[in-house]
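Structural characterization, general
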Amino acid sequence: MINQIDQTLYRLSNLDSLQQKLSYQASTGKKIEKGSDDSILYSRIISLDDKISTYEGLKTQIGKTTSQNNTSDSSLSETKNILEKMKAELIKANTGSTNDNGLSAIASNIAGMKENLFDLSNTQTEGEYVFSGSDTSVKPFEKNADGSISYVGNNVLRKIAVEEGSYRERGVTGFDAMMYPSSTAYKGETLTFQARDRIIDQNGNEWKLNSPSNNTLTKHDLDGNPTSETLSVTSNGATPPTFSAVTSNSDGVKMEARTSVFDIVSDVINALKKVDNNGNKISDTESKALVSKGLEKVSAAFDSINITHAELGGRNKVFEDSLERVNSKLTQYNILSQEIGAANLTEVAVKAKALELTYTALYSTINKTNQLSLVNFIN
């Protein structure tokens, strides 16, 4: 009698365990709950979950980057539109039929365009500036006390993961978006520049003119720290002052003097107002010459930004393709996870029904056993 009760309790305990397992599978849709249920299967599920988590993170990051890239793209498109309108205004200003009032109106119009360019240069999305370089928390362009505009970002593109262990550069910096190469020099050639220009080498390092002697260019690394490398500078004595430096004879050397779009726009506004950059009055002839030169520089800036826009398009395509690839892999991993880790709910339902019948039969047996007297049991 005691032995039969023990066996019944043991069977009931096994049925309870099975019932808990079936309940877990029915409620979660998962095949196993603990590693002890099936250590090999559990290991595969954990590995797949890790992959899914990784690719979901990549998808989120690339999706955010794609949004930022689209914002950069539209900002550069609008920048080119503004420069096109500016060129049209300068062509109008350079005709003999435009009087002083007309020139003043064009100057005011271009000044408004300059403000629009400033807003575009500080475009941000999702709390990040798109043209500031690697530190997207920094507002890339700032107005100085004298009204000039300076780029305070860096020349390092931010790298974004597009695959496990694989990264790609995102966007463009302010050096590319709002500056153009006004002078370029290769190995052993002479680079000509103004004090306001920014000098960039082939590796993205900036070379800064020392002040106030203006006789040396010092190389600064990508973090902005000065190095021991220098180049001698010669003053050309022009107006405005220009300088020149001979590049090193090392292979692969390329140095560019980049002029800010804001500086050349300020120059043409002054020329239209018939004053120089120091506010001194200039003649009509000088004004026209400066407007013509400004038109050439605006055209050069447009061409440079057009190239930058094309480069941005290439980078954006990389992220679009990467997002497609990540989505595909994420779908595959989710399907595989379902295949190996998901419970067969039809099978669970059948087992649950069979378990219900087994419970019924077992409790019926227990009930009949409890109704037996000791005498009846012995007989």
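Residues numbered from 1 in each chain as written. Predicted model: local features only at pLDDT ≥ 70, side-chain atom pairs only at ≥ 80, totals over all residues. Heavy atoms only, no water.

Turning our attention to the overall build of the chain. Each helix and strand counted, the chain has eight helices and 15 strands in total. Contacts in the chain between residues far apart in sequence, at least 24 positions, make up 65% of those at least 6 positions apart. Carbon and sulfur atoms form 49% of the exposed surface of the chain, whose accessible area is close to 20600 Å². (Helix = DSSP H or I, 4+ residues; strand = E, 2+ residues; numbered from the N terminus. Contact = heavy atoms within 4.5 Å. Areas by Shrake-Rupley, 256 points an atom, 1.4 Å probe, with all protein chains shown as cover.)

Closest axis-to-axis distance for the helix H2 (residues 39-93)/helix H5 (residues 261-272) pair is 12 Å, and the angle between their directions is 25 degrees. If you check the angle between H2 and H5, you find them roughly parallel. Considering only the axes of H2 and H5, their crossing is left-handed. Listed contacts from H5 to Leu-83, Met-86, Leu-90 and Ala-93 of H2 are Val-261, Val-265, Val-268 and Leu-272. (Axes fitted to C-alpha atoms, helices over the stretch in contact; angles between N-to-C directions. Parallel < 35°, antiparallel > 145°, perpendicular 65-115°, else oblique. Left-handed = near helix turned anticlockwise from the far one by under 90°.)

All right, on to empty space enclosed by the protein then. Within the structure shown, the criterion is met by one cavity of 30 Å³ or more. Each pocket or cavity is described by its volume, and for the largest cavity that value is around 40 Å³. Contributing to the lining of the largest cavity are Val-130, Gly-133, Leu-157, Arg-158, Arg-170, Gly-171 and Val-172. Residues belonging to the lining of the largest cavity are distributed by class as follows: three nonpolar, two polar and two charged. (1 Å grid on protein atoms, 1.4 Å probe; cavity = no way out; pocket = protein on both sides within 12 Å on 5 of 7 lines; lining within 4 Å. Points joined across faces, edges and corners; volume = space filled by probe spheres on them. Nonpolar A, V, L, I, M, F, W, Y, C, P; charged D, E, K, R; others polar.)

Pairing between the strands of a sheet comes from backbone hydrogen bonds, and it takes one of two forms, parallel or antiparallel. The strand order across the open sheet formed by six strands is S7-S15-S9-S10-S11-S12, and the pairing between neighbours is antiparallel. Unpaired on one side and paired on the other, strand S7 (179-186) and strand S12 (226-232) mark the two borders of the sheet. Strand-to-strand twist of the sheet, defined as the mean angle between neighbouring strand axes without regard to direction, takes the value 30 degrees. One ladder, built from two bridges, connects strand S9 (residues 198-201) with strand S10 (residues 206-209); its direction is antiparallel. Bridging across to S10, Ile-199 finds its partner in Trp-207. Docked against the sheet, H5 engages S7 and strand S15 (254-260), running at close to 45 degrees with respect to S15. (Pairing = 2+ DSSP bridges.)

Moving on to helix H3 (residues 100-121). Under the 1.5 Å per step criterion, the end-to-end length of H3 is 31 Å for 22 residues, consistent within 8% with the ideal 32 Å. The inward-facing, buried residues of H3 contact H2, strand S3 (141-143), strand S4 (149-151) and H5. If you check the start of H3, you find a side-chain oxygen 3.2 Å away from the backbone N of Asn-101, and it comes from Asn-99. (Expected span 1.5 Å × (residues − 1). Polar contact = N/O pair within 3.5 Å; in protein donor to acceptor, adjacent residues only side chain to side chain.)

Relative to each other, H3 and H5 sit at 165 degrees, their axes nearing to 9 Å. Classed by the angle they form, the pair H3 and H5 counts as roughly antiparallel. The interaxial crossing formed by H3 with H5 has left-handed handedness. Together, Leu-103, Ile-106, Ala-107, Ile-110, Ala-111, Lys-114, Leu-117, Phe-118 and Ser-121 of H3 and Val-261, Phe-262, Val-265, Ser-266, Val-268, Ile-269 and Leu-272 of H5 make up the contact between the two elements. Among the residues forming the contact of H3 with H5, the class breakdown is 13 nonpolar, two polar and one charged.

Going through the model one piece at a time under the given rule, you end up with 18 salt bridges. Here Asp-267 and Arg-196 are joined by a salt bridge, their closest N and O atoms 2.6 Å apart. Here the residue Asp-267 occupies a position in helix H5, and Arg-196 occupies one in the loop between strand S8 (190-194) and S9, the gap between them amounting to 71 residues. Residue class for Asp-267 comes out buried when judged on its relative accessible area of 18%. (Salt bridge = Lys/Arg side-chain N within 4 Å of Asp/Glu carboxyl O. Buried < 20%, exposed > 50% of the residue type's maximum accessible area, 1.4 Å probe, protein only.)

Any functional reading would require information that these geometric values do not contain.
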